[in-house]
Amino acid sequence: MNLLSALRCLGFVFLLAFGSAFASEDKYYEGLLLPDDFAGPISVTVELRDLQGVLVGRVKAGAPFYGVAPVRSGEMSGEKCDVQVAFHGGAALRLTGTCRPGIFEGKYSQPGRRDAASRGTFRLLRKEPERDEEKRDPMRVIGSAASITDCIKSNTRCLSTCPQGDYNSEFLCANRCRTRFKACKAEAGQP
């Protein structure tokens, strides 16, 4: 083995070891935005990739955003994350908070607006990426439930995204989930 091939092998091992330290990991979070004006929650799914402190990805949100948009700018410093998204139609969203391996929580705002509906809190739980056969929106329209089992699964997902720690937010979220569950049961033909 000559010196050149030994250096090439050593360089390859170094790149392999050093490069894995900078490998990015996709993070998928799902949950609700809870406005300060106690209006209905807004379902949101966030897909992020950390590229050495720069966050890239996309955000899917319900009303009033209605759609999927790429992350316009995102930064991660330790456990602190700041993500900004611009949806079609001019609606913007900024998520600022703590992004730990299992949860992304903090405050959100809509830049350019100052009313209570444009800001609030969020708590997004980490989830596994969807497989092709499981591509269903977790906050799907209740009327599409085919059985009581679907209603129970939907209610479980709804309750699992409720914030914990703030009694008022917990209470409002649980009430919304209960109301949706009752509507789903009625649609499925159960008492």
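Structure first, text after, so check above.
Because the structure is predicted, anything quoted here is derived from the model rather than measured.

**Q** I'd love a proper account of the overall build of the protein, names of residues and values included.
**A** Of the regular secondary structure elements, the protein holds three helices and eight strands. Reading the protein from its N terminus to its C terminus gives the helix and strand order α-β-β-β-β-β-β-β-β-α-α. Within the protein, residue pairs in contact and separated by at least 24 positions form 37% of the contacts whose partners lie at least 6 positions apart. For the protein, the computed accessible surface area is about 11700 Å², with 57% contributed by carbon and sulfur atoms.

**Q** Kindly report on the environment of A174, identifying the contributing residues and their values.
**A** Inspection of the secondary structure puts A174 in helix 3 (residues 167-188). Owing to a relative accessible area of 32%, A174 belongs among the partly exposed residues under this scheme. With near-sequence residues (within four places) excluded, A174 lies in contact with L159 and C162.

**Q** Give a detailed account of the environment of L172, specifying residues and quantitative values.
**A** Turning to its location among the elements, L172 is positioned in helix 3. Residue L172 is classed as partly exposed on the basis of its relative accessible area, which comes to 26%. Sequence separation between L172 and L34 is 138 residues; the distance between their C-alpha atoms is 9.5 Å.

What counts and how
Residues numbered from 1 in each chain as written. Predicted model: local features only at pLDDT ≥ 70, side-chain atom pairs only at ≥ 80, totals over all residues. Heavy atoms only, no water. Helix = DSSP H or I, 4+ residues; strand = E, 2+ residues; numbered from the N terminus. Contact = heavy atoms within 4.5 Å. Areas by Shrake-Rupley, 256 points an atom, 1.4 Å probe, with all protein chains shown as cover. Buried < 20%, exposed > 50% of the residue type's maximum accessible area, 1.4 Å probe, protein only.

As far as function goes, none of this settles anything; it's purely spatial.
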